Every structure is written in structure tokens, then in C-alpha cells.
Amino acid sequence: MPLQIVSHPDYDAGFAPSHRFPMTKYRHLMEQLDALGLTGGLSRPDSISPDLLRLAHDADYVEQVLACAVPPGIEREIGFPVDQRVSRRAQLAAGGTLLAARLALSHGIACNAAGGSHHARRSHGAGFCTFNDVAVASHALLAEGLVANVLVVDLDVHQGDGTADILGGNPAVFTFSMHAEKNYPMRKEASGLDIGLPDGTEDDAYLETLASTLTGLSRLRDWDIVFYNAGVDPHREDRLGRLSLSDEGLRRRDRMVIEHFRAANIPLCGVIGGGYSNDAPALAARHAILFETAAAFA
Ligand SMILES: [Zn+2]
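On a predicted model such as this, the values are computed, not experimentally measured, just so you know.

A. Summary view of the overall build of the chain. When helices and strands are counted, the chain shows 10 helices and eight strands. Each principal axis of the C-alpha atoms in the chain carries an extent, and together these give about 45 × 40 × 40 Å. Out of the 298 residues belonging to the chain, those deemed buried represent 59%. For the chain, the exposed area adds up to about 11300 Å²; of that, 49% sits on carbon and sulfur atoms. Distance between charge centres in the chain, computed from 26 positive and 37 negative side chains, equals 1 Å.

B. Quick look at helix 5 (residues 84-107). Here helix 5 is 24 residues long and its end C-alpha atoms lie 33 Å apart, about the 34 Å a rise of 1.5 Å per residue gives. For helix 5, the side-chain oxygen to backbone nitrogen distance between the N-cap and Arg-85 is 3.2 Å, and the N-cap itself is Asp-83. One or two steps after helix 5, the chain reaches Gly-108, where phi turns positive at roughly 95°.

C. Molecular detail of the pattern of salt bridges. Going through the model one piece at a time under the given rule, you end up with 11 salt bridges. The partner of Arg-102 in a salt bridge is Glu-144, and the shortest N-O contact between them spans 2.6 Å. On the criterion of sequence distance, the pair formed by Arg-102 in helix 5 and Glu-144 in helix 6 (residues 133-144) is long-range, its members being 42 residues apart. For Arg-286, the salt bridge goes to Glu-237, with nearest N and O atoms at 3.5 Å.

D. Representation of the side chain of Arg-121 within the structure. By secondary structure assignment, the location of Arg-121 is in the loop between strand 3 (109-112) and helix 6. Classification of Arg-121 as buried rests on a relative accessible area of 10%. In this structure Arg-121 touches His-57, Asp-161, Gly-162, Asp-165, Ile-166, Arg-187 and Glu-189, once residues within four positions along its chain are discounted.

E. Geometry of the pairing of strand 3. Along strand 3, one buried face is formed by Ile-109 and Cys-111 and the opposite face, lined by Ala-110 and Asn-112, is buried too. Two strands pair when backbone bridges link them, and strand 1 (residues 4-6) and strand 3 are joined in this way by three bridges, in the parallel orientation. Residue pairing for strand 3: Ile-5 is matched across the bridge by Cys-111. Note that strand 3 and strand 8 (residues 268-271) share four bridges and pair parallel. Each bridged residue has a counterpart across the sheet, and for Ile-109 the counterpart in strand 8 is Leu-268.

F. Representation of empty space enclosed by the protein. Per the stated rule, a full pass over the model turns up two cavities of 30 Å³ or more. Quantified by volume, the largest cavity comes out at close to 200 Å³. Around the largest cavity, the lining comprises 24 residues; the ones closest to its centre are Tyr-26, Gly-115, Gly-116, Ser-117 and Phe-128. Of the residues forming the lining of the largest cavity, the biggest block, three residues, is contributed by helix 5.

G. Broad picture of the packing of aromatic side chains. Using the criterion set out here, one finds eight aromatic pairs in the structure. Centre to centre, the rings of Phe-21 and Tyr-276 are 6.4 Å apart; their planes meet at 70°, and the pair counts as edge-to-face. Of this pair, Phe-21 sits in the loop between strand 1 and helix 1 (25-35) while Tyr-276 sits in the loop between strand 8 and helix 10 (280-295); the two residues are 255 residues apart in sequence, bridging distant segments of the chain. Ring pairing ties together the aromatic residues Phe-15, Phe-21, Phe-80, Phe-128 and Tyr-276, which thus form one cluster. Against the face of Tyr-276 rests Lys-25, its NZ or CZ located 5.7 Å from the ring centre.

Cut-offs and rules
- Residues numbered from 1 in each chain as written.
- Predicted model: local features only at pLDDT ≥ 70, side-chain atom pairs only at ≥ 80, totals over all residues.
- Heavy atoms only, no water.
- Helix = DSSP H or I, 4+ residues; strand = E, 2+ residues; numbered from the N terminus.
- Buried < 20%, exposed > 50% of the residue type's maximum accessible area, 1.4 Å probe, protein only.
- Areas by Shrake-Rupley, 256 points an atom, 1.4 Å probe, with all protein chains shown as cover.
- Lys, Arg positive; Asp, Glu negative; His and termini not counted.
- Charge placed at Lys NZ, Arg CZ, Asp CG, Glu CD.
- Expected span 1.5 Å × (residues − 1).
- Polar contact = N/O pair within 3.5 Å; in protein donor to acceptor, adjacent residues only side chain to side chain.
- Salt bridge = Lys/Arg side-chain N within 4 Å of Asp/Glu carboxyl O.
- Contact = heavy atoms within 4.5 Å.
- Pairing = 2+ DSSP bridges.
- 1 Å grid on protein atoms, 1.4 Å probe; cavity = no way out; pocket = protein on both sides within 12 Å on 5 of 7 lines; lining within 4 Å.
- Points joined across faces, edges and corners; volume = space filled by probe spheres on them.
- Phe/Tyr/Trp six-rings, centres within 6.5 Å; stacked < 30°, edge-to-face > 60°.
- Lys NZ or Arg CZ within 6 Å of the ring centre and 35° of its normal.

What follows is the structure in C-alpha cells.
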């Protein structure tokens, strides 16, 4: 079976290539996945409905984003103005993660070629994140009764503060974040489990910690779905990363996570998370590792 991949041309909101958020990576990623022969199971998402957004975000904030009327202070925290294209992109990315989660439930594994906007909180966006797609999708699946136990495994180099803020009080969900301790956000929000790693943690130490943690997470409950944020910013060449992982380290990481949950027949929904470089093709190649690895389990 081809890997189920969710993507949309409008994931790219058309920022200039020099913008500090590397928006062109979405287009480069799809071109590379196509060249790798991985796009045989491609789906296009719809925009998420406002009702579903309101399960995870305050109604006022949802309205502000949909109307492109986000207060300047919040836009500053997000890192760019929320215009029509950014608003549409955020609605599509959340719709994409929900679609990928549904595909994961029916096919075992699926990935959204965007998503992982884990700094978006209930009341406002932050850190290049407008809507928290994983939190929205988790709430949507729980509300439909499709799942009862949701696990979030967030391996982006930054702490998943927004996800912890939105899902923290929900007993059906457990959030795990492993990140660089001395990195954004400075004020961290307690996840179910946080592991803050020192700068310069390299492949072997990182993977050793991850392996023992995954075993512990599986002992907690029988998970109905895992959302995996496969951010590539722990890479040693990432502009915002501090953990010094290699390409091979990212590949071993993704294989370890996917193998762990798929061996137990737990559906896994992958999202790409963060990755920052002015070299968009190199960055897209790092994000492609998730898809190459997941394809072996499809
Ligand atoms: Zn990040």
C-alpha cells in the first residue's frame, strides 16, 4: 500500500524566500516526495470547520483568525500577520491533520505534509503557530467517539507548550514533549511528561533516552492513536535547533517511534513540525525522512 499522505498547495502561504519562516519548504517537500515515488496515496484536505476549531481554541480567537482581524500583539507573538492566505493555510493544515488522523485509524499510518503547530494555545497563536492542529484533531476524534485514549509524542526541538495548554486538563489525552531545555519557549507549560535535553545532545544519547521513554509510555494505557510531531529542528544544521542530531539520527528516531507503535498495532498520525533553514531543498529533504520511514510501514 502507498503511504497515505495529506497535502494541499495552499499549505504554502507564499512568503518571500527570505522570510524567517521558511514557507517554501512545503512545496519543496511535495516535489521531493513525488521524485521519491511516495505520492501514490495523496489526499487533499478541506478547511477545518469553525465548530471543530472552537473545541480547542477560544471562540474569540477563532473568529479573529477567520476574519483576518488578529490583534497586532498576538500577530507579533505568532511572528507574521494573519492575512487571507495565512488564515486559509491554518484552516487547511488543521483539516489536514484531522484527515491524516482519520486515515491513520483506517490504514494504520498516515502523515500530514504540514502541521505540528504546537505553540498555539487555547486563547492565541504563538511561535509561527496559528491553530494547534494536533489539539484540534484530538478533540474532534474524541468528540466523535472514534478514540478514547490519545497520545501525543512531540519530538520537535521546542517544547509543546500550546499542546500542553490546550490538552493538559483532558484525562483522555497524554502529552509527551522531548526538546532542548534552553530554547523557546522560555516559559514552558507542563506536559504529561517533559524531557528537556542539554544543548549538543547527539544521536546516541538522544535515542537512548527516547527508547526507554517509549517503553514507559506504552505501559501507561492502551492508546487508540498516537500523534507524532516529527519536527526536524533537532538537526545540527537547523537555525533554531540545539541538539546536534544527524540525518541518520533523525532517520533512526523516526523509525524507532513508528516501529514502536506499529508493532503494537497502534494507529500513528505523523505531522512534520518545525524545521528552519534558508536552504529550502535541504530542509525539505530532512522533512522527507518522516515520509520515507513511514512508507515502509504502510
Ligand atoms: Zn520547533
